[in-house]
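Residue-level structural notes
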Amino acid sequence: MTRSPVSSSVWLLLAWLVAAPTTPTAFAEARTSSLTAEDRLTLRRYAVDTWKSMEKLAYPSGLPSDRIHRDGDGWREPVAETTPTNIASYIWSVMAAERLEIISHEEAQGRLTRTIQTLDAMNRPHGFFVNDIDPRNGKRLATSPVDSAPRRPLISTVDNAWMAMALMMVSNTRPELAPNAERLLEAMDFGFLFSFYDQQDPIHQPGLLRVGYWVDENSFYGHYGMLNTEARIASYIAIARGQLPPEHYYRMYRTLPTEVAPQTQTPTGEPRDYHGLRVFEGAYDYMNMRVVPSWGGSMFEALMVTLFIPEAAWAPKSWGVNHPLYVRGQIDHGLKEMKYGYWGFSPAFRPTGGYEVYGVKGLGTNPDGYLSFDVAWGLPPHMTTLTSNTIHGVVTPHASFLALAFAPREAMDNLKAMKERFPVYGPLGFQDSVDVSTGMVSGYVLALDQGMIMAAIANELADGYMQKAFTAGPVEKIIRPLIAPEEFTAGAPGRYPAAHHFEPQLTRLTRGTPDAKR
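This structure is a prediction, so every number in the text was calculated from the model and none was measured.

Take the layout of surface pockets next. Taken as a whole, the largest pocket spans an internal volume of roughly 1100 Å³. Lining the largest pocket are 42 residues, with V158, D159, E230, F300 and Y355 sitting closest to its centre. Within the residue set of the lining of the largest pocket, elements represented by two or more residues are α4 (84–99), β3 (154–156), α6 (157–173), β5 (219–224), α9 (299–303) and α14 (447–461). For the lining of the largest pocket, the element with the most residues is α14, which contributes four residues.

Next comes the structure, spelled out in structure tokens:
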């Protein structure tokens, strides 16, 4: 591969940009490097192998299993359970595989048709999908297929949001399936999961989405209060479809109120006004940066939404600053703070078994913290010499793919280093996590995490295809001008030496039509 003819002064400038210390502002304004032709070939190879895992996960019903587990040199049968998010992940992965010419249009159409037909035949309380589903037939799981534990029928707001998002992508891109997808979407009114009360509660203020709904008890539970989590996809969808008022976006917390909520540090910032609401633009200090935190400090929380909405471009003074800094925080945690030699921390199946929420505590609000490591426990016989004091940093490959749009060179190099050092890559793509202290790999492949990888690659190789497929129509028309004016106080540290106190507005919200479902 030859270089383009560029003057020596330009090459010196480029070399300086690569070698110079990265300030938060510089990192926020531009990606540190572009991908090479070799990088793009590598990404396509990753996509081909990752798609094989989605093929293996899929049942004839058109629904995917949640996961499969390596058994020696082969793989066990997929576990007979799934969720709405997994199904959504499969839908957009089919679309990505077609766009990347891994499968034909006819195969993609057949797969999506089977999925939509199965969804259409499923029982949907209040128009939504319950969380525990048998992928073989679409029926609700009453007991776990793993340990026979009872499963209660739960409507999860965020899981249904990912399903709605995938159906909107189908509706926007598949004219033959659009009527079927829209029929399913019409029944999913997120206003049902919206809190319209006016209690004087500074945490659960009016205008927040509920976490979920127990079908067997006809009862709601919890509220999503933090903006920088994956749950904001539900907010975007509901606002774009006219089910929630636009001001809902500005009722979520950038950082929690200091007077009522324990958190990892006291945020600093200043109040600003948007849509008639006073918003505290708080941020945390971390590794010489100011960052608007997520709940637990994981890559998944902060960046999964960016696979489908170009937030950084639409809101350059808020997400355009914060997303690159959040990625830099993850990189610096792995390479500088913990000195693992690798980075990327996000929920995954741990190498020793069981699901765990990994993250960077300094990037999260949760005072208990998501950690980037496991304490050695439950190790197999050949590793019993390890002590409980060993720090086992657990890196999740899908986190690097989530970072691809904001730190492409670093992401590609991190994936290459893991692939060369550990047995984390195989015929089905990347396995879910690796303990970088011992080299132990989880041995699991998860539908959701593989789906995030497929979406990230499709965006990189096909000019933001996943984002365009979702945002076509009302999403861009309504959401882009809504989020564009906001300015976070993220960026350079030290600008706000003291926290500003403010009382959130607690005005009563009303809808244009009576809330008959309450």
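Moving on to the sheet that holds strand β2 (residues 74–75). Ordered in space as β2-β1-β16, the three strands form an open sheet in which the pairing is antiparallel. Only two strands of the sheet have a single neighbouring strand rather than two, namely β2 and β16 (444–446). Across three bridges, the pairing between strand β1 (residues 67–71) and β16 is antiparallel. Pairing of H69 across the sheet is with Y444, part of β16.

Quick look at α14 now. If you check α14, its first and last C-alpha atoms are 21 Å apart, about what 15 residues at 1.5 Å a residue would give, namely 21 Å. Immediately downstream of α14, the backbone of D463 shows phi near 55°, a positive value.

With that settled, consider the environment of Q263. Summarising the element assignment, Q263 is placed in the loop between α8 (232–240) and β6 (268–274). Separated by 104 residues in the primary sequence, Q263 and P367 have C-alpha atoms spaced 4.7 Å apart. Excluding residues that lie within four positions of it along the chain, Q263 makes contacts with T255, L256, P257, T258, Y284, T365 and P367. There is a polar contact of 2.4 Å between the side chain of Q263 and the side chain of Y284.

Definitions and cut-offs
Residues numbered from 1 in each chain as written. Predicted model: local features only at pLDDT ≥ 70, side-chain atom pairs only at ≥ 80, totals over all residues. Heavy atoms only, no water. 1 Å grid on protein atoms, 1.4 Å probe; cavity = no way out; pocket = protein on both sides within 12 Å on 5 of 7 lines; lining within 4 Å. Points joined across faces, edges and corners; volume = space filled by probe spheres on them. Helix = DSSP H or I, 4+ residues; strand = E, 2+ residues; numbered from the N terminus. Pairing = 2+ DSSP bridges. Expected span 1.5 Å × (residues − 1). Contact = heavy atoms within 4.5 Å. Polar contact = N/O pair within 3.5 Å; in protein donor to acceptor, adjacent residues only side chain to side chain.

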